[in-house]
Every structure is written in C-alpha cells, then in structure tokens.
Amino acid sequence: MKAKLKQLSYLYLIVILLSLLFFICYIFLFADIWDAFLLDNSKFWTYLLSFIFFILFAFISIFMISRVRTSWEEKENFLAHLRISREGLAIFDNNKRLSLSNPLFNQYCDLISDKILSTPEAILDVPEFARIAQFLNGTEDDANSDSYVSFSIDKNGKIFKVNCIRLQNKGFEVSINDVTQVEEQERLKNQLTQNIAHEFKTPVSSIQGYLETILKGKESGGLPPEKELYFLERCYAQGERLNSLLQDISLLNKMGAVGHISKMESFNLSELVKTVIEDVSLSLDASEIQVNNQLPNPLFMRGNFSMVYSIFRNLIDNSISYAGRGTTIFINCFRSDEKFLYISFSDNGVGVDDKYLNRLFERFYRIDKGRSRKLGGTGLGLSIVKNAVILHGGSISVKNRVEGGLEFIFTLAR
C-alpha cells in the first residue's frame, strides 16, 4: 500500500510538470497564435480551445489523483486499525470472496474450528459458523430483518460473540469478539449478589426471630430475665456479624474500585505482625494456639499499612477458626531481594482436602458452611488477603504441608 501511494505521488508530480511545460510552450508560441488571430481566426480558436482543454485535463487529473490518494490513505488507516483491533473482523464481497481481514479474525477462526483453515472463506463450511451460512442463504429464523444475525460460540473454554451483517453491495461483514472475561465478570457479579443476599438473610432472620420471641413474651407476661438477656445477646452477636460483613464487603469493593494503592508509606513489617498478634491474643489464648514469628527485625517495606495489616489479621483469624485447638502458626520471610519479600504463613493444623484448595480465595466460599457461620466468619477473609497481596504487586498460593496443616506462600513488593 505504501509503494502504491509513492507511485501515485510520482504521477501527481508528472501531471503538474507536464501542465507547466505546456504553459511555457504556450508562452513561446504566443506570437504565432497572435498572428493566427490576425490572419486566420479559426486557427486561433483551435489553439485556444486546445489550451483550455489541456488545462482542464490537468486539473481533472490532479483532482482524481488526489481523490484516489485520499481513498488509499483512508484504506491504509483502516487496515492499520484492524491490525491492532481487539475484534476479529473480515469483509466478504457478494461472491463470498474475502476482501480483507485482520490477523485476529484468522486466529479466532482457527481456535473455534480446532484446525488451521486454508482461507477465511472456509468458515462457511465450519459447523460452529453454520448460522452464518443459513443467514446468507435466507434460512436463518433469528435473523433481524435480514440485515444481521448474532450468536455466541462456547468453545475450548472461551466464549465468542459472532455478528454477521449484510452490506449494501450484497457483501457481508463478520466480526468475532472474545467475551470470555466479560461473561465471567457478569457471572461473578450475579454470583456475588446472590451470595451477599444469602449471607445477610441468615443474621437478619435470626435477629427477627429473637426479637419476635421477646415481644411475644412481653404479651404473655414477660420472659424470665436470664432468657430475655440470652436472646438480646444473640441479637447483638448477629448484629456484629452483619457489621463484619458490611466492613469486609466495603473493603473488597474499595480494593476493586481503586485498582492501586493510594496511601503508601514505609514501615517495619515485623512490628506490624507483632501488633496483629497482640490484637488477637485473647482469641489465640482461647484456642490454645501459639504463634512462632520468625520474621527478622527490622524488616522494612513500602506499602499501605492497613491493607498489609488485613493480610496477616485475616490469615491468623483463618487459622484460629479452622486449624484446630493447640496448633502452632509459623510466620517466616524465607527470602528477600531488592524488589520483593517472600513470606510463608503456615500452621500445623488439620489442613484442607486438596480438591478445595483452588477455591479458598473465592468470595463467600466455605468448606464447612455451618461451622463457619457458628464461628462468625464472613467467608471473605482469604479473598481480602488475595486482593491486598495483588495490590502490593505480589501473588499468593496455598498448599497442604507434608507435616500437616496449610501453608500460604506470597510475595510483597518492597
């Protein structure tokens, strides 16, 4: 395309030079034309009309060349856009022959058909694209006024949105979009909404039930003071659970909305972990859990203090809830370099069945739902941990220890 534009520029220059040359010749022949005017008018008008015709030809040629050049430049810009587009696109003529396509279209077609197609036109013979052929042949029931058809293809773990549009020249355009991530986000959004509604339903129903019992007791002369106090304490506990849910959901939404850490500061990670251990000391003592903090002191990093606090707080809370009584928690920085701290957080508790490991970081996921609610867990702790680690430029994984218990290995950018 660039070579054609270069050739067109040369032609444009040649026409201009020829017009200029003719004009110069006309000037030199002007005296002869004047004599022709005096002696023979018909010859003069022939000269004059020839000159006007040539000038018009020159201008028309320049105009047409300019239009063709503009058209080719627009086509080149369009092709450049196609090459970097995230949409697979191809245009076919009225004989179903390819006019143009971008590399992504060919890539998507090969992925959907499970083979390398010899030409893009071959998609009309691929079963997954049968609806395009039906649409073009007029046998597609769902076509919209014979102007376009749209459908989805679920193939090889990906979801593709395919659109076929008829063009005015009787050709057609086919576009393919990978909407896997969009569909997954929509699925997770719907799932999250359902989970939130379910999680709120339990404490709200409990509070309503307890208060209803107290009110009915008042109507019948009143409940014994110790019974009424018990119901009020249960209402308070369920209210605390609702508050924890709201705080966790708010923190997760804030992490997702921001996408980066706004408040950064330098702090000693060892001292932060000591603070977390002190804050949960009562719960640790109640479960007879020991914490073996092997972090070197000092161990400085740069990040958001409250988010890093939430990482270790939620990991310790998780061990308190599920590791079992009399266990030990181990916290260790097994490696560090200029860019990252490599942290191991483990316990020697009961561990988790391997089939559940890859779901531990999902929001509201619980292995033992009844036990989790009884212990007051929201099901969001490990999801908060993962998001906070990612926001600090790190990654996290979990596995069962050979000696028993779980081990979380994660990195934090320094």
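The notes below deal with the structure included here. (Residues numbered from 1 in each chain as written. Predicted model: local features only at pLDDT ≥ 70, side-chain atom pairs only at ≥ 80, totals over all residues. Heavy atoms only, no water.)

**Thoughts on the overall build of the protein**
- Looking only at helices and strands, the protein has 12 helices and 12 strands in total.
- Counting only contacts in the protein whose residues sit at least 6 apart along the sequence, the fraction spanning at least 24 positions is 61%.
- In the form shown here, the protein has an accessible surface area of approximately 25000 Å², with 56% of it arising from carbon and sulfur atoms. (Helix = DSSP H or I, 4+ residues; strand = E, 2+ residues; numbered from the N terminus. Contact = heavy atoms within 4.5 Å. Areas by Shrake-Rupley, 256 points an atom, 1.4 Å probe, with all protein chains shown as cover.)

**Remarks on the packing of aromatic side chains**
- Evaluated as defined, the whole model comprises 9 aromatic pairs.
- On the basis of an interplanar angle of 80 degrees and a centroid distance of 5.3 Å, the ring pair of phenylalanine 267 and phenylalanine 305 is categorised as edge-to-face. A residue pair is termed long-range when its members are at least 10 positions apart, and phenylalanine 267 in strand β6 (residues 265-268) and phenylalanine 305 in helix α10 (residues 305-322) qualify at 38 residues.
- You can call phenylalanine 267 buried: its relative accessible area is 6%.
- An aromatic cluster is defined as three or more aromatic residues linked by ring pairs; in this entry it consists of Tyr210, Tyr230 and Phe231.
- Sitting over the ring of phenylalanine 135, arginine 166 keeps its end group 4.6 Å from the ring centre.
- Against the face of tyrosine 342 rests arginine 335, its NZ or CZ located 4.3 Å from the ring centre. (Phe/Tyr/Trp six-rings, centres within 6.5 Å; stacked < 30°, edge-to-face > 60°. Buried < 20%, exposed > 50% of the residue type's maximum accessible area, 1.4 Å probe, protein only. Lys NZ or Arg CZ within 6 Å of the ring centre and 35° of its normal.)

**What about the nonpolar core?**
- Core analysis: the largest hydrophobic core is formed by 41 residues, its most contacted members being Leu269, Leu272, Ile311, Phe312, Ile316, Phe408 and Phe410.
- Mapped by element, the contributors of at least two residues to this core are α8 (269-279), α10, β9 (328-336), β10 (340-347), α12 (381-391), β11 (396-400) and β12 (406-413).
- Among the elements that line this core, the one with the most residues is α10, at 8 residues.
- Val149, Ile153, Val174 and Ile176 belong to the second largest nonpolar core, which has 25 residues in total. (Core = buried A, V, L, I, M, F, W, Y, C linked by side-chain atoms within 4.5 Å.)

**Focus: the packing of α8 against α10**
- Put simply, α8 and α10 touch, their axes get as near as 10 Å, and they point 50 degrees apart. Compared by their axis directions, α8 and α10 come out oblique. For the pair α8 and α10, the sense of crossing is right-handed. Seen from α8, the contacting residues are Leu269, Leu272, Val273, Thr275, Val276, Ile277 and Asp279; seen from α10, they are Phe305, Val308, Tyr309, Phe312, Arg313 and Ile316.
- Split by residue class, the contact of α8 with α10 holds 10 nonpolar, 1 polar and 2 charged. (Axes fitted to C-alpha atoms, helices over the stretch in contact; angles between N-to-C directions. Parallel < 35°, antiparallel > 145°, perpendicular 65-115°, else oblique. Left-handed = near helix turned anticlockwise from the far one by under 90°. Nonpolar A, V, L, I, M, F, W, Y, C, P; charged D, E, K, R; others polar.)

**Considering the sheet that holds strand β4 (residues 158-166)**
- The strand order across the open sheet built from 5 strands is β2-β1-β5-β4-β3, with neighbouring strands paired in antiparallel fashion. Edge strands, defined here as strands with exactly one partner in the open sheet, are β2 (98-101) and β3 (148-155). Pairwise comparison of adjacent strand axes, ignoring direction, gives a mean angle of 15 degrees for this sheet.
- Here 3 bridges tie strand β1 (residues 88-92) to β2, and the two strands are oriented antiparallel to one another. Each bridged residue has a counterpart across the sheet, and for alanine 90 the counterpart in β2 is serine 101. (Pairing = 2+ DSSP bridges.)

**Looking at the sheet that holds β10**
- Within the open sheet, the 5 strands sit side by side as β7-β9-β10-β12-β11. Their pairing is mixed. Of all the strands in the sheet, just β7 (290-293) and β11 have a single pairing partner and so form its edges. Between one strand axis and the next, the sheet turns by 15 degrees as a mean value, whatever way the strands run.
- In the packing of α10 onto the sheet, contacts are made with β9, β10 and β12, and the angle to β12 comes to roughly 180 degrees.
- The sheet contacts of α12 involve β11 and β12, and relative to β12 the element is tilted by about 30 degrees.

**Side note on α8**
- Of all the residues in α8, the buried ones are Leu269, Ser270, Leu272, Val273, Val276 and Ile277. Viewed end-on, α8 has its buried residues packed into an arc of 160 degrees, placing them on one side of the element.
- For α8, the capping residue at the N-terminal end is asparagine 268, with a side-chain oxygen 3.1 Å from the backbone nitrogen of serine 270. (Arc of directions from axis to C-beta. Polar contact = N/O pair within 3.5 Å; in protein donor to acceptor, adjacent residues only side chain to side chain.)

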